[in-house]
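Here is what each chain is made of, one letter per residue.
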Amino acid sequence: VTLRIVAICAANALMLAVGAGLLPYLRLATTWRDVVRRLPLAYAVGMAATGIAAAELALVGIPVGWIVLTCLAAVSLFAGRHRLEAGGPALRARPRLRTLPALAVLIVICVFLGNAARLFTVAPLVDLDGWAIWATRARALYDFGHPVAPVFTSSAYSGLQYPLFLPELEAIDFRFMTAFDGTLLHLQLLGLAIAFVGGAWTLLRPHAPSLVLAVALLAIVTAPAFFGQLQTASADVPLAMLISLGVAALAAWVRTPAAGLLPAATLFLAAGALTKNEGEVFALSAFVAAFAVVGSGRRGQVVRAALVSAALAVPWHIWLAAHHVTGTSFDLSRLLDPGYLVGHWHRVGTAVNELMSHIWTESAWSRLPVVICAGLVSAVVLRRFQAAAFASAWLSLSFAGLLLVYWTSPFPLGSDLYNSADRTIDTLLIGGVLLVPVLVPFAARPAVAVPA
Amino acid sequence: LYALPTDRRWIPSSWSSSSARPAAAPRGRSQVGLLWWVATATITTVALLSAVSSGGKLWRGLNHADRVYGALSPAERQRLPIDNTTVQSRVMDWFARYVLPGDRIYFQTPDFVINYLTLEQAVRYVGRFYLLPAVVVTDPTQATVVFSYAADPSALGLSFIAQRQLGGSGNWVSRVAPP
């Protein structure tokens, strides 16, 4: 077991190296000092980029193991180093005293992550979706090296339409361990949680009050459903973490077009779109919301970012079409059938009630909806109208997207909601809370220009 | 308590040199500053309340699950998915001994419901996960091996090159062809 844990750590260290090399390309670092200071973000970037690359390479029959991942890391670092040679000045350090309370909150988060790590090294696969869909796909990718028939094409298997980001990430670990391990795969999910916290802190800290950011992360991590669902090895919380990073980065970019925010948003939203089909809905909602609220001069950048994300998701859809795999959990063509829509209107009302009931379930998500409401109201009171409009638009469009899926689903509504409604809302809650620090950036301080 | 903007063109007055005096704050700026403090304090309080109200329960839940799962052996952890679907893990372990890589398995099961799944669904769910790299097919004529779980393989009308029965039970493994 210890050797297998070391193997997983080695795989994740290489993902970190991939991310470190990518930071300069994404304009998230200009010097080595920046790279070192932003290593938590490099881990998140590396995991997202590795997962995307592995998912794409699997479609052409190239499994990412020791050799490929080492090559990816080496190429990324070499290319990144080349970029850094022309780098600019290092970022200025801030007074530590001001961030001490936030750092104390981060330490509490680390304690929770450490406690979860103890559990995740012994947790078996228990939840049906966790092993019957996600672990089965990860194990098949490890066994065969690519999406093979009938596991990824036949109706004898579940979740055929789900993309390969998460199973490939887990399959990389199995290749490093040279064995399938249904227990230790939870450590990769914990790695995603660590990357989420570290990435969010490093990426958003320059754009949000540090204490608000830290307590928002604490509220997310201590919501019972966060680790509860992560432990099931389903993709819903991983999807929520990736999309949330992307949406928060996009919200920060909407407010202030700092370098690196839009590339980071594009990367994380693409990773989310390659994790689950709902991810495409959430990512599209984010780009539409950004397009609507930014000025006309920046809309071209939003469109280009959306096209890059879409381009990364297209190969999976081509593969599905080439193997005659059709979506099974929704049928959007029904949206063009007015008769069907009118006849099934009752599904919308029922879905709204059920989703809202899960969102406000305190035993699962504590008071996260209240945090989101407080953030939105504060943004309006503080006249941060653009950021508030973006957040409201993303939340509304994403919620509407979920309703469309339930409206057009071929499954009986009762069982459909019973099996999924408690998890499809994860992204709305985690993403909504991570938006809050970006909504209330900084007090209007008396300021002076820096002498030249 | 809060981090400051990174925009290099501006620095807070408290950081500026004594020669650079802050511009006079326009009317309303202090009001906005006060509102900001109220807003962020409210958000911080609500988020902390959320964390405090659920953190203890989460902590105890993590510890409890750690104790329960930590007491299991690796083999028990591996079998837990099977046991949770009420498919007998000893039967699946026995069947796994006769499955080869590349096999196409057909599951023959009687039609009845266990909990929220039919027996066929439960056995198929377990088999397609537990027996990888062998794969599951839905048509018995495409199978290289048939697993009959509480069922009679002769009812399929296939010819088998080898058969084994688990004790005197109704569980059979019947090989149709090599993988």
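Residues numbered from 1 in each chain as written. Chains lettered and ligands numbered in written order. Predicted model: local features only at pLDDT ≥ 70, side-chain atom pairs only at ≥ 80, totals over all residues. Heavy atoms only, no water.

**Digging into the overall build of chain B**
Put simply, the test is: A helix here means a DSSP run of H or I that spans at least four residues, while a strand means a run of E at least two residues long, and both kinds are numbered starting from the N terminus. With a 1.4 Å probe rolled over the protein chains alone, any residue whose accessible area is under 20% of its type maximum counts as buried; one over 50% counts as exposed, and the rest are partly exposed. Contacts are residue-level and defined by heavy atoms, with any inter-residue pair within 4.5 Å sufficient. Note that accessible areas follow from Shrake-Rupley with a 1.4 Å probe, and for residues the cover is restricted to the protein chains shown.
Scanning chain B from terminus to terminus reveals 4 helices and 8 strands. Evaluated residue by residue, chain B yields a buried proportion of 42% over its 179 residues. Long-range contacts, defined here as pairs at least 24 residues apart, represent 65% of the contacts in chain B between residues at least 6 apart. Summing over all exposed atoms, chain B offers an accessible surface of approximately 9,400 Å²; the carbon and sulfur share of this is 56%.

**Details of the pattern of salt bridges**
Residue and element names in this part refer to chain A. Note the following rule: Think of a salt bridge as a Lys or Arg side-chain nitrogen and an Asp or Glu carboxyl oxygen that are within 4 Å of each other.
Using the criterion set out here, one finds 11 salt bridges over all chains in the structure. Its salt-bridge partner being Asp236, residue Arg423 comes within 2.9 Å of it at the nearest N-O pair. Remark: Asp236 occurs in helix H11 (residues 236-255) and Arg423 occurs in helix H20 (residues 413-424); sequence separation between them is 187 residues. Since its relative accessible area comes to 14%, Arg423 is described here as buried. A salt bridge links Asp422 to Arg423, with the shortest nitrogen-to-oxygen separation between them at 4.0 Å. Beyond isolated ion pairs, a larger network of salt bridges with shared partners links Asp129, Asp236, Lys276, Glu278, Asp422 and Arg423.

**Observations concerning the pairing of strand S6 (residues 145-148) of chain B**
Residue and element names in this part refer to chain B. Filter applied, for reference: Any two strands with at least two DSSP-identified bridges between them are counted as paired.
Both faces of S6 are covered, namely the face carrying Val145 and Phe147 and the face carrying Val146 and Ser148. One ladder, built from 4 bridges, connects S6 with strand S8 (residues 172-175); its direction is antiparallel. Opposite Phe147, over in S8, you have Val173 as the bridge partner.

**With respect to the sheet that holds S8 of chain B**
Residues and elements named next belong to chain B. For the record, the criterion: To obtain each axis, a line is fitted to C-alpha atoms, and for helices this fit is confined to the stretch in contact; angles are then taken between N-to-C directions over 0 to 180 degrees.
Across the sheet, 5 strands lie side by side as S5-S2-S6-S8-S7; this open sheet has mixed pairing. Edge positions in the sheet fall to strand S5 (135-136) and strand S7 (162-165), since each has one partner strand and no second. One ladder, built from 4 bridges, connects S7 with S8; its direction is antiparallel. Of the residues in S8, the one forming a bridge with Ala162 is Arg175. Each of strand S2 (104-108), S6, S7 and S8 touches helix H3 (residues 89-96); the most contacted strand, S6, lies at about 160 degrees to it.

**Section: the side chain of Ser378 of chain A**
Residue placement: Ser378 of chain A occurs in helix H18 (residues 368-381). For Ser378 of chain A, a relative accessible area of 7% gives the class buried. If near-sequence neighbours (up to four positions away) are discounted, Ser378 of chain A is found in contact with Val440 of chain A together with Ala39 and Ile43 of chain B.

**Points about the packing of aromatic side chains**
Residue and element names in this part refer to chain A. Filter applied, for reference: Ring pairs shown here join Phe, Tyr and Trp side chains whose ring centres sit within 6.5 Å, with only the six-membered ring taken for Trp; geometry is labelled stacked below 30 degrees between planes, edge-to-face above 60, and tilted in between.
Evaluated as defined, the whole model comprises 17 aromatic pairs over all chains. Taking 4.9 Å as the distance between ring centres and 15 degrees as the angle between the ring planes, the aromatic pair formed by Trp134 and Tyr162 counts as stacked. Here Tyr162 lies in the loop between helix H6 (128-144) and helix H7 (165-177) and Trp134 lies in helix H6, a separation of 28 residues in the sequence. Taking relative accessible area as the criterion, Trp134 reaches 2% and is therefore assigned buried. For Tyr162, a relative accessible area of 14% translates into the label buried. Judged by centre distance (6.0 Å) and plane angle (70 degrees), the rings of Tyr142 and Phe174 are edge-to-face.

**Concerning the confidence of the model for chain A**
In plain terms, the rule: The quantity known as pLDDT measures the predictor's confidence residue by residue, on a range of 0 to 100.
Confidence in the prediction of chain A, expressed as mean pLDDT, is 89, and 94% of residues score 70 or more. Long-range and interchain partners of residues 444-452 of chain A, a stretch whose pLDDT sits below 50, account for 24 contacts in this model, where long-range means more than four residues apart.

**Examining the environment of Ala96 of chain B**
When you line up the elements, Ala96 of chain B lands in helix H3. In this structure the C-alpha to C-alpha distance between Ala96 of chain B and Tyr130 of chain B, which are 34 residues apart in sequence, comes to 8.2 Å.

**Some details on the nonpolar core**
Short version of the rule: Among buried residues, the Ala, Val, Leu, Ile, Met, Phe, Trp, Tyr and Cys ones that are joined through side-chain atoms within 4.5 Å form a nonpolar core.
Core analysis: the biggest nonpolar cluster contains 215 residues, and Phe227, Leu250, Phe268 and Phe390 of chain A together with Phe95 and Phe147 of chain B have the highest contact counts within it. With 15 residues, the top contributor of residues to this core is H11 of chain A. For Phe147 of chain B, the residues in contact, after removing those within four places along its chain, are Val91, Met92, Trp94, Phe95, Ile105, Tyr106, Phe107, Gln108, Val123 and Trp172 of chain B.

**Focus: the packing of helix H1 (residues 2-25) of chain A against H7 of chain A**
Residues and elements named next belong to chain A. Rule in force here: Should an angle fall under 35 degrees it is taken as roughly parallel, and over 145 as roughly antiparallel, whereas 65 to 115 is taken as roughly perpendicular and any remaining angle as oblique. The handedness criterion is simple: a crossing whose near helix is rotated anticlockwise from the far helix by less than a right angle is left-handed, and one whose near helix is rotated clockwise is right-handed. Residues are sorted three ways: Asp, Glu, Lys and Arg are charged, Ala, Val, Leu, Ile, Met, Phe, Trp, Tyr, Cys and Pro are nonpolar, and all the rest, Gly among them, are polar.
Running from amino to carboxyl end, H1 crosses H7 at an angle of 125 degrees, the nearest separation of the two axes being 8 Å. Between H1 and H7, the angle is such that the two are oblique. Crossing of H1 against H7: the hand is right-handed. Across the interface between the two elements, Arg4, Ala7, Ile8, Ala10, Ala11, Asn12, Leu14 and Met15 from H1 touch Leu169, Ile172, Asp173, Phe176 and Met177 from H7. Tallied by class, residues from the contact of H1 with H7 come to 10 nonpolar, 1 polar and 2 charged.

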